[in-house]
Amino acid sequence: MYVPGIDTVFPQHYPLFKSVDKLSILMIKNKDIVVSLVTPLILTLYSAFECYLTEIEDNVTNNSLLKEKYINLERPKMDKRPFALFKILKNQDFDKSSKLYDDYNHFVKLRNLITHSRLESIEWENFKAKSGIWTAMKPSHSDKKEICKHSTNSKVQKDDRADKAISFLEKRKIIDTRSEFRMEGFIYSIQKIEIAEWANNMITNLMMELFDEDRTNPLYTKK
């Protein structure tokens, strides 16, 4: 029921984050569909957080005391936007050497990699399998330590950005994939529930750290 004279605001990021929560639940309950839900969760999470930042941005630009510090036409790119808003609201710089800052920037790179992926291919020539090693076209079915010996003359076209993203996830010990032996499309390397959990937890922590908002609270109450 709407009462005349009382403003009603509908934050649009709420249902988007609820969609992320539903995807997370599905991933936990049904292990068979995990691989198909990781990238949708990352993309939805990114969209929800972008929507959340836009709402904060609107509040800033509508505030006569703050709008001069943030010109909408010069809006920072997504990897810098949350920290630019944090600086305006908290009047301090965010620690760019922190793990959270690094994780967020790699999250943005991962999302961009998914939405703007490039062609990757493998051209097998003079295919030779080492004696005693079972060989299949999917490298995950082979001994990864021997995979480079399977073909003496194969041409591999990989997206270097993807290898960097995968290497980051390896260093963070989020996944255990040896990127130097990656012989399939990068999308198969990131379809891991651990990556979805890392991304979701990171955005939750970032919202708390930057804007004092607890996304795990059903009412999204402030601290």
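Residues numbered from 1 in each chain as written. Predicted model: local features only at pLDDT ≥ 70, side-chain atom pairs only at ≥ 80, totals over all residues. Heavy atoms only, no water.

Student: Looking at this structure, how should I read helix α5 (residues 160-171)?
Tutor: Taking 1.5 Å per residue as the helical rise, α5 with its 12 residues ought to reach 16 Å, and the 16 Å between its terminal C-alpha atoms agrees with that figure. Among the residues of α5, Ala162, Asp163, Ala165, Ile166, Phe168, Leu169 and Glu170 are the ones counted as buried. Considering only its buried residues, α5 is in contact with α4 (99-115), α6 (186-189) and α7 (193-211). Backbone geometry just after α5 places Lys173 at a positive phi near 60°. (Helix = DSSP H or I, 4+ residues; strand = E, 2+ residues; numbered from the N terminus. Expected span 1.5 Å × (residues − 1). Buried < 20%, exposed > 50% of the residue type's maximum accessible area, 1.4 Å probe, protein only. Contact = heavy atoms within 4.5 Å.)

Student: I'm lost on the packing of aromatic side chains in this one. Help?
Tutor: Given two aromatic rings, their pairing is described by the distance between the two centres and the angle made by the two planes. Counting across every chain of the model gives 10 aromatic pairs. Seen in terms of ring centroids, Phe83 and Phe94 are 5.2 Å apart; in terms of plane orientation they differ by 35°. Their pairing is tilted. Of this pair, Phe83 sits in helix α3 (residues 81-90) while Phe94 sits in the loop between α3 and α4, and the two are 11 residues apart along the sequence. With respect to class, Phe83 is no different from Phe94; both count as buried. The ring of Tyr46 has Arg111 sitting right over it, with the charged end atom 4.1 Å from the ring centre. (Phe/Tyr/Trp six-rings, centres within 6.5 Å; stacked < 30°, edge-to-face > 60°. Lys NZ or Arg CZ within 6 Å of the ring centre and 35° of its normal.)

Student: I'm lost on the packing of α4 against α5 in this one. Help?
Tutor: When two helices pack together, their arrangement is given by the angle between the helix axes and the distance between those axes. Packing of α4 against α5 brings their axes to within 10 Å, and their N-to-C directions diverge by 140°. By the angle class used here, α4 and α5 are oblique. Seen along the crossing, α4 lies across α5 with a hand that is left-handed. On α5, the residues that touch Asp102, Asp103, His106 and Leu113 of α4 are Arg161, Ala162, Ala165 and Phe168. Classifying every residue of the contact of α4 with α5 by side-chain character gives four nonpolar, one polar and three charged. (Axes fitted to C-alpha atoms, helices over the stretch in contact; angles between N-to-C directions. Parallel < 35°, antiparallel > 145°, perpendicular 65-115°, else oblique. Left-handed = near helix turned anticlockwise from the far one by under 90°. Nonpolar A, V, L, I, M, F, W, Y, C, P; charged D, E, K, R; others polar.)

Student: Is there a simple way to think about α3 in this case?
Tutor: It helps to recall that an α-helix has 3.6 residues per turn; residues three or four apart then point in one direction. Buried within α3 are the following residues: Arg81, Pro82, Phe83, Leu85, Phe86 and Ile88. For α3, the secondary structure elements touched by its buried residues are α2 (34-61), α4 and α7. Looking at the residues trailing α3, positive phi occurs at Asn91, about 60°.

Student: How should the side chain of Thr204 be read in this particular structure?
Tutor: Along the polypeptide, Thr204 turns up in helix α7. The buried category is assigned to Thr204, whose relative accessible area is 14%. Within the structure, the side chain of Thr204 is placed 3.2 Å from the side chain of Arg215, a separation counted as a polar contact. With residues near it in sequence (within four places) discarded, Thr204 still touches Arg215 and Thr216. (Polar contact = N/O pair within 3.5 Å; in protein donor to acceptor, adjacent residues only side chain to side chain.)

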